[in-house]
Amino acid sequence: MKNFDINKIRADFPILKREVNGKPLVYFDNGATTQKPKQVIDAIINYYADMNSNVHRGVHYLSQISTDAFEVTRRKTQAFINAAHEHEVIITKGTTESINIIATCYGRTFIGEDDEIIISAMEHHSNIVPWQMLCDEKGCKLRVIPMNEHGELDQQAYKALFSERTKLVSFTFVSNALGTVNPVKEMIEVAHEHGVPVLVDGAQAIQHIPVDVQDLDVDFFAFSGHKMYGPTGIGVLYGKEALLNAMPPYQGGGDMIKDVTFEKTTYNELPFKFEAGTPNIEAGICLADAFDYINNIGLAAIQAYEEELLEYATERLSEVEGIRFIGTAHHKSSVISFVVDGIHPYDIGVILDKLGIAVRTGHHCAQPVMEQFGIPGTVRVSLAMYNTKEEVDVLTTGLQRAVNMLR
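Attention here is on the structure that accompanies the text.

The rules behind these values
Residues numbered from 1 in each chain as written. Predicted model: local features only at pLDDT ≥ 70, side-chain atom pairs only at ≥ 80, totals over all residues. Heavy atoms only, no water. Core = buried A, V, L, I, M, F, W, Y, C linked by side-chain atoms within 4.5 Å. Buried < 20%, exposed > 50% of the residue type's maximum accessible area, 1.4 Å probe, protein only. Helix = DSSP H or I, 4+ residues; strand = E, 2+ residues; numbered from the N terminus. Expected span 1.5 Å × (residues − 1). Contact = heavy atoms within 4.5 Å. Polar contact = N/O pair within 3.5 Å; in protein donor to acceptor, adjacent residues only side chain to side chain. Phe/Tyr/Trp six-rings, centres within 6.5 Å; stacked < 30°, edge-to-face > 60°. Pairing = 2+ DSSP bridges. Right-handed = clockwise from strand over helix to strand, strands pointing away.

This part takes up the nonpolar core. Counting residues in each nonpolar core, the largest one holds 104 residues, and the members touching the most others are F173 and F221. Tallying contributions element by element places helix 10 (residues 281-297) first for this core, with nine residues. One finds C105, Y106, L237 and L270 within the second-largest nonpolar core, a separate group that totals 24 residues.

Pasting the structure below:
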């Protein structure tokens, strides 16, 4: 795999050198947030040391170079997801805000009483609650795509959910709780056959799978910087130009206006119409460095390595007596979710932490998923490109030790 040198990659992440509870850190909570390479960390320091200023407003030198750098991120985002236009890239706080923008701006404008929104049974709370809030306000209804015992969406049931009342479809690319990779392109085609726009939550896909929004023909696409080796508090909402132009702004304030009087305000053009107020400038600028880092290695190489690691980790963990995997879809990406008979996931997580192993336990902001499987939560192991088979071996040994202690 060209440019994929695991030792060089690991050397780029300072935190991987530290110890936790006297043990080398083994970090398997990448679905919650990824660690940051020194290239991104250095860029953050450089911003505050050399160019800190507000953007889009000042005529002075620092403001101009900060603005230019901020807009470089927009162009790199456009290239990374292959958007048709730079102004189709809206800089947000993250996936959650991006989804809320669509629920608020598109939902309040184009969805009315008794209309229907289709989501799936595997959604993160951030792709459930905003739609429930809209339903409470507008009197519209949620329709839910069911999933089977493997954690795969029922595609026939999905097709049957459409009616003349369907106004929007919103679902995840990759399940954060199960690792399932959904057939996104095919599902978008089904919605478009009914003339219905689609929002895809790409938070768990953007760092693992090449995304081409034009090839997918997706109407809206959301993701977060901190899950793709970038800073926290920054994200992206992609939207097709015509749809974004048809929507009112999300918030009022500076930068989203052309002209303000006490009688009337004229809104700014895309993308600034949706970017009120001072953004997270540091994170917005340094997200570009995360794109550069991933591009230098290549997403195809990252995906191939992670798929091999996922297969190895699944095989090794299956050696643990009493383990039961939650989410056994045919097509998965970088997440292994499991329970062990008779042992609470939280207890496993606490013991693994004592061994320097970071995993996530609980419902992973996907309580309906846990309810379907009849469990309170899982232990989630989420992989990144800097994880190794040796770390998987450490995890397997640690899990066996935890199980023996707790039994």
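Back to the text.
The next subject is helix 14 (residues 389-406). With 18 residues, helix 14 should reach 26 Å at 1.5 Å per residue; the first-to-last C-alpha distance of 25 Å fits that figure. Taken together, the buried positions of helix 14 are occupied by E391, V392, L395, T396, G398, L399, A402 and V403.

You can see T34 is positioned in the loop between strand 3 (26-27) and helix 2 (38-51). For T34, a relative accessible area of 2% puts it in the buried group. Contacts of T34, omitting those with residues within four sequence positions, involve H226, K227, M228, Y229 and Y386. A polar side-chain atom of T34 sits 2.7 Å from the main-chain amide nitrogen of Y229.

Of note, I285 is situated in helix 10. A relative accessible area of 8% means that I285 is categorised as buried. Linking I285 and S66, residues 219 residues apart in sequence, is a C-alpha distance of 7.8 Å. Setting aside anything within four residues of it in sequence, one finds I285 in contact with Y47, M51, S66, A69, F70 and T73.

Once that is clear, we can look at helix 10. Across its 17 residues, helix 10 extends 26 Å between first and last C-alpha, which sits within 8% of the 24 Å expected from 1.5 Å per residue. The buried fraction of helix 10 amounts to 13 of the 17 residues, a majority that puts the element mostly inside the structure. Once helix 10 finishes, G298 follows within two positions and takes phi at roughly 100°, a positive value.

This next bit is on the side chain of T166. Looking at where T166 falls in the secondary structure, it is placed in strand 7 (residues 166-172). Residue T166 is classed as buried on the basis of its relative accessible area, which comes to 6%. Leave out the neighbours within four places in its chain, and T166 touches E116, I118, L161 and V196.

Moving on, we get to the packing of aromatic side chains. Tallied over the entire structure, the rule returns eleven aromatic pairs. Measuring from centroid to centroid gives 5.9 Å for F13 and Y229, while their planes differ by 65°, and the two rings are edge-to-face. Here F13, found in the loop between helix 1 (6-11) and strand 1 (19-20), pairs with Y229, found in the loop between strand 9 (220-224) and strand 10 (235-239); they are 216 residues apart in sequence, far enough to count as distant. Each of the two residues, F13 as well as Y229, counts as buried.

Burial along strand 8 (residues 198-201) is two-sided: the face carrying V198 and V200 and the face carrying L199 and D201 are both buried. As defined by bridge partners, strand 7 adjoins strand 8 across four bridges and the pair is classed as parallel. When the sheet's bridge partners are listed, V169 is paired in strand 8 with V198. With helix 7 (residues 184-193) bridging strand 7 and its parallel neighbour strand 8, the resulting β-α-β unit is right-handed. Relative to strand 9, strand 8 is paired through three bridges, and the arrangement is parallel. Directly across from D201, in strand 9, lies its bridge partner A222.

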